[in-house]
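For reference, the chains in residue letters:
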Amino acid sequence: MGAKAKLTTLLSLALLLLAFLSSTMVLARDVRYVAISVENSHHVWDHQQGTTQADILFEFVVEGHITRMIALFDKVTTQTTQIGPVRSMRNYFLPFLKNMGTFLLFCGASPSGYGRLEREPSIIGLDEIKHRDPFLRSKKYQRPHNLFTNGNKILTAISSRGLSYVKTDKQEKANQRGLISGPIRKLSMRYTRRYAVSYEYSATTGTYARFINGKAHKDHAIDQQLAPTTVVFIRGEAKILDDAGRLQFKLGEELPAEIHMGGTVKYGTWSAPTLS
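Everything numeric here is computed off the predicted structure, so don't read it as measured data.

> Would you explain the packing of aromatic side chains in this entry?
Two aromatic rings, taken as a pair, are described by how far apart their centres are and by the angle between their planes. Scanning the model with the defined rule gives twelve aromatic pairs in all. A ring pair is formed by Tyr141 and Phe148, whose centres lie 6.2 Å apart and whose planes are at 50°; its orientation type is tilted. Judged by its relative accessible area of 23%, Tyr141 falls in the partly exposed class. Members of the aromatic cluster, connected to one another through ring pairs, are Phe58, Phe60, Tyr92, Phe93 and Phe96.

This is how it looks when you write it as structure tokens:
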């Protein structure tokens, strides 16, 4: 497609929730959540790590017919093991992280990503290009697929910058309506011709086992398949901005959402979080 060609696909954003966000007053120097931009391409499916530790995983379409994940943590401790590979972020990741006191780790960004981050005072972003201390390079893998972080490095980076890491109790909070009765055991989302994601619900565990192109999607740090308790699909319009394939999504105040939990689905809307 040429520059500015319209995408006929949808936003195809998936949220893999282990816990809902709480609505909490956050001060300017408070860190409430830690977010990490994680690579999710065929280059790293054999060594992607730390994703099962996240409370929420956002999955976004990016250029190059791949997706990228934001691993969102409600609680990072010294026991939080290696997470990554850490890669670049995009401007349309940020509406899902703003107004929550988010400490965001990434490596590089699109021009519009840098611009929008400067305009989001509620997000504290550390780019590995300028801030090396929260990151480490593994000699096991080739660049750029070898950048990681861990709990010790994250907590040190927060405290060394004079920030306070605030923890509060989680509360379930979602705009849901229209419950469809009956079990829905299998979910699927085809992002591109070469990349499809599916989930299989287990009533025994109450989780959705995740698959990529029919194969189990694993956290290779512990050799465990990703299996969230909740899967949310959020849909929106997108267009291609330039010959590099950079995308722009139309993110209004509310976007339609499918919320899969406990083997059933509810239809509702997503809106940017606000302070209360």
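> Please explain the environment of Tyr33 as it appears in this structure.
Mapped onto the elements of the fold, Tyr33 is located in strand E3 (residues 33-40). Relative accessible area serves as the criterion here: at 2%, Tyr33 is assigned to the buried category. On a C-alpha basis, the gap between Tyr33 and Leu72 in space is 6.7 Å, while along the polypeptide they are 39 residues apart.

> I'm lost on unusual backbone geometry in this one. Help?
Trans peptide bonds make up the majority, and among non-glycine residues the majority have a negative phi. Omega for the peptide link from Gly84 to Pro85 comes to 0°, which places this bond in the cis form. Inspection of the secondary structure puts Pro85 in the loop between strand E5 (66-73) and strand E6 (102-106). Along the chain, Arg143 connects to Pro144 via a cis peptide bond; the corresponding omega equals 0°. The topology assignment puts Pro144 in the loop between strand E8 (136-137) and strand E9 (147-148). One non-glycine residue with positive phi stands out, namely Asn213, at about 50°. With respect to the helices and strands, the residue Asn213 is situated in the loop between strand E14 (207-212) and strand E15 (215-216). For Asn213, a relative accessible area of 38% puts it in the partly exposed group. For Asp223, which is not glycine, the phi torsion reads 55° and is therefore positive. Looking at the secondary structure, you find Asp223 in the loop between strand E16 (218-219) and strand E17 (224-225).

How each quantity is defined
Residues numbered from 1 in each chain as written. Predicted model: local features only at pLDDT ≥ 70, side-chain atom pairs only at ≥ 80, totals over all residues. Heavy atoms only, no water. Phe/Tyr/Trp six-rings, centres within 6.5 Å; stacked < 30°, edge-to-face > 60°. Buried < 20%, exposed > 50% of the residue type's maximum accessible area, 1.4 Å probe, protein only. Helix = DSSP H or I, 4+ residues; strand = E, 2+ residues; numbered from the N terminus.

The values are spatial; any link to function lies outside them.
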